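Structural description and commentary
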Amino acid sequence: MSDISNTFDYIFIGGGTAGLPTAARLAELFPTVSILVLEAGKNVASDPKTRIPASYPKNLGNPEVDWAFFSTLQSHAGDRPVYLPSGKSLGGTSNLNLMQVNRANIEEYNTFANFGINGWGWKDLLPYFKKYENLTASRKSQDQAHVTVNSSVHGTDGPVDVTYPIEIAPAQDYFFEAMNELGVPFNPDSSSGNNRGVWTSTCAIDPTTATRVSADTAYLKLNSSNLHIVTEARVSRILFKTSPKGEAVADEVEFIQDGKAVIAKATKEVILSAGAYQTPQILELSGIGDPAILAKYGISSVVDLPTVGTNLQVCHHHSNRLEHIYVTTTFELKSSYTSWDVLRDPVVAAAELQKYETNKTGKLTTVPFAFAFISPDKLWNQQEVSDIKKKLGSSGSETPFTPKMSDIQQDWLSSVPFLELLWFAGFMPSNVKAEPDAGKSYYSLAACLQHPLSQGTVHIQSANVTENPVIDPQFFAKDLDMDIILDGIKYCRKVAETKALAEITSNFSPVFHPIGTAAMLPKELGGVVDTHLRVYGTVNLRVVDASILPLHFTAHPMATLYAIAEKAAEMIAKAACD
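Notes on the structure follow. Here the structure is a predicted model, which is why all the values come from computation and not from measurement.

Here is what the cut-offs are and how they apply
- Residues numbered from 1 in each chain as written.
- Predicted model: local features only at pLDDT ≥ 70, side-chain atom pairs only at ≥ 80, totals over all residues.
- Heavy atoms only, no water.
- Axes fitted to C-alpha atoms, helices over the stretch in contact; angles between N-to-C directions.
- Helix = DSSP H or I, 4+ residues; strand = E, 2+ residues; numbered from the N terminus.
- Parallel < 35°, antiparallel > 145°, perpendicular 65-115°, else oblique.
- Left-handed = near helix turned anticlockwise from the far one by under 90°.
- Contact = heavy atoms within 4.5 Å.
- Nonpolar A, V, L, I, M, F, W, Y, C, P; charged D, E, K, R; others polar.
- Polar contact = N/O pair within 3.5 Å; in protein donor to acceptor, adjacent residues only side chain to side chain.
- Salt bridge = Lys/Arg side-chain N within 4 Å of Asp/Glu carboxyl O.
- Buried < 20%, exposed > 50% of the residue type's maximum accessible area, 1.4 Å probe, protein only.
- Phe/Tyr/Trp six-rings, centres within 6.5 Å; stacked < 30°, edge-to-face > 60°.
- Lys NZ or Arg CZ within 6 Å of the ring centre and 35° of its normal.
- Core = buried A, V, L, I, M, F, W, Y, C linked by side-chain atoms within 4.5 Å.

1. Description of the packing of helix H1 (residues 19–29) against helix H16 (residues 558–577)
Contact geometry for H1 and H16: axes closest at 8 Å, N-to-C directions at 40°. It follows that H1 is oblique to H16 by the angle criterion. When the axes of H1 and H16 are compared, the crossing they make is right-handed. Side by side, H1 and H16 meet where Pro21, Thr22, Arg25, Leu26 and Leu29 of the first sit next to Tyr562, Ala565, Glu566, Ala568, Ala569, Glu570, Ile572 and Ala573 of the second. Residues belonging to the contact of H1 with H16 are distributed by class as follows: 9 nonpolar, 1 polar and 3 charged.

In structure tokens, the structure reads:
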């Protein structure tokens, strides 16, 4: 901070998947204002481990790019803590995730209106999905991926390069045939507002350089001179003054840089984008939350908002340390087929690196995933659906939002998928300590719960920001979550027993996306922010990250977060002009 002013119009707390795009786009839309982005992590844009797509496993648990949180002991999941990855770099989780760019169903986005949250439905968000996207999809790549692009729902001049996988495992076709055999059809373009069926996802990978595209590499191309970024700056709290009407006005942001406390002043707004785990932590450290929790740590209450840090929903990928509730089964391939497991051989890995560096081809260019989103009628019979509806209707009321969430999920049972199957061309066991046999190749099927009913919490455990928040997702606290994941495991076996996969299978080997902690809901339903993303009880503090999503959608969240960021930037710019 020594080389720039300590006063800015806008201060962003967090330069991750949502915060940095919002800040960069706001700087472009509003060139006369000054914008500061404070990011706790480093700039890793040139690190090969983050840029080479197939190197993604090396980032998980790496303290350079991952906060690597752990939950409290989970009493319904073996009384053990669960690893919870969270991006820690400029670009955030977009430098840590699997680079999958996909969208949920129209019905899911339109659900916002059922909560009294208008302006966030499918038609409202579609222009922003298109605005961030720069899709490259040759006829060859579409044919290889078994897709047909619907150009009306895609963008081709946005900052985020998106493409279909440069290389696809031959065994993937057998997975597609297996799903067709079970009555699950191909989906020609899952980004069209209907993700039911089996499909290949677009990826945030530059088709020319074959490198990961993250929020930092994409949005910093906008190159706005009024955007100032400070990395390795951990925000400790927001300081408020009081408006004439008695509302809290975000005035200053305190952060730690080089071991020293520094203050930056915001003349217009503060935007909190620290993610679903750390956004509630910073709110509570700043005096916004449950007064009883704040008093326990000597923090004066600024805004009485007890729902901060509640409604945590984590769809936990319990396979290969990823994050929706996943359980994986792994199968050995016949010797005539290979998978990405060949990269475990140093000789093969060296040859693939040579191909990658020379021609931007080969296995390092991509992550070998395919998806099947299973609609309820393919998973359960009518009686089973009726039984699930009854269980949803008697699920209890942990928060004011729980009954509403239960009603929505009962409606979704008519068409919205409750189960995702993730197909991976490699060894991905549920037991992360398991190791594959040398020289053998595998494929894995992960069954993923899309709409967990269990709700957890995130709260501070001290007034010191360097002490991680206490994260209790309450995995499987609701029996129905366990019932559905068990049905998913059975379905994986059914898939593996199809004629198509029997052709390539030799043997059977048994076997990240937290949201909701600052939910965009009416205050009476437990909301923390309103439709304009403003924190209730404040004049100029907004939240822009996954914590605003009140319930899980059937999609990996990066695409939705980019769309939210684009919409938020326009919203903030418009408010300044009104």
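2. So, the side chain of arginine 234
By the secondary structure assignment, arginine 234 is in strand E11 (residues 234–242). In this structure the side chain of arginine 234 is engaged in a polar contact, spanning 2.9 Å, whose partner is the backbone oxygen of valine 465. Ignoring any residue separated from it by four or fewer positions in sequence, one finds arginine 234 in contact with Ala40, Trp67, Phe255, Ile256, Gln278, Gln281, Val465, Thr466 and Asn468.

3. Regarding the pattern of salt bridges
One pass over the structure, following the stated rule, counts 19 salt bridges. Notably, a salt bridge pairs arginine 25 with glutamate 28, separated by 2.7 Å at the nearest N-O pair. Pair noted here: arginine 25 and glutamate 28 are both in helix H1, with a separation of 3 residues, about one helical turn. Residue classification places arginine 25 among the buried residues on the basis of a relative accessible area of 7%. When its relative accessible area of 37% is taken as the criterion, glutamate 28 is described as partly exposed.

4. Re the packing of helix H4 (residues 122–132) against H16
At their nearest, the axes of H4 and H16 sit 8 Å apart, and the two run at 105° to each other. By the criterion of interaxial angle, the relationship of H4 to H16 is roughly perpendicular. On H16, the residues touching Leu125, Tyr128, Phe129, Lys131 and Tyr132 of H4 are Ala559, Thr560, Tyr562, Ala563, Glu566, Lys567 and Glu570. Of the residues contributing to the contact of H4 with H16, the split by class is 7 nonpolar, 1 polar and 4 charged.

5. Here's the deal with unusual backbone geometry
Phi is mostly negative for residues that are not glycine, and the peptide bonds are mostly trans. The phi dihedral of alanine 68 is positive, around 50°, even though this residue is not glycine. Secondary-structure assignment places alanine 68 in the loop between helix H2 (48–51) and strand E3 (69–70). Under the relative-accessibility criterion, alanine 68 is labelled partly exposed at 21%. A positive phi angle, close to 65°, is found at methionine 99, a residue other than glycine. Relative to the helices and strands, methionine 99 is located in the loop between strand E4 (83–84) and strand E5 (100–101).

6. Describing the environment of leucine 549
Counting through the fold element by element, leucine 549 comes out in the loop between strand E25 (541–543) and H16. With 34 residues separating them in the primary sequence, leucine 549 and isoleucine 515 have C-alpha atoms 5.8 Å apart. In this structure, leucine 549 is in contact with Phe112, Ile515, Gly516 and Ile564, ignoring residues within four places of it in sequence.

7. Side note on the packing of aromatic side chains
On inspection of all chains with the given rule, the structure shows 25 aromatic pairs. A ring pair is formed by phenylalanine 427 and tyrosine 442, whose centres lie 4.9 Å apart and whose planes are at 65°; its orientation type is edge-to-face. Remark: tyrosine 442 occurs in strand E20 (residues 442–449) and phenylalanine 427 occurs in the loop between strand E19 (419–424) and E20; sequence separation between them is 15 residues. Taken together, the aromatic side chains of Tyr109, Phe112, Phe115, Trp122, Phe129, Tyr132, Tyr219, Phe401, Phe553 and Tyr562 make up a single cluster linked through ring pairs. In this structure, lysine 88 is placed above the aromatic ring of tryptophan 67, and the distance from its NZ or CZ to the ring centre is 4.8 Å.

8. Considerations on the nonpolar core
In this structure, Phe175, Met179, Leu421 and Leu541 are the most contacted members of the largest nonpolar core, which totals 155 residues. Here the element with the most residues in this core is H16; it accounts for 11 residues. Excluding residues that lie within four positions of it along the chain, leucine 421 makes contacts with Met179, Ala370, Phe371, Ala372, Ile374, Ala446, Ala447, Tyr491, Cys492 and Val495. Residues Val65, Met99, Val367 and Phe371 belong to the second largest nonpolar core, which totals 19 residues.

9. With respect to the environment of lysine 389
As for its position among the elements, lysine 389 is in helix H12 (residues 382–393). Among the residues examined, lysine 389 registers a relative accessible area of 35% and is labelled partly exposed. When the C-alpha positions of lysine 389 and glutamine 409 are compared, they lie 8.3 Å apart, and in sequence the two are 20 residues distant. Beyond its immediate sequence surroundings of up to four residues, lysine 389 is in contact with Gln410 and Leu413.

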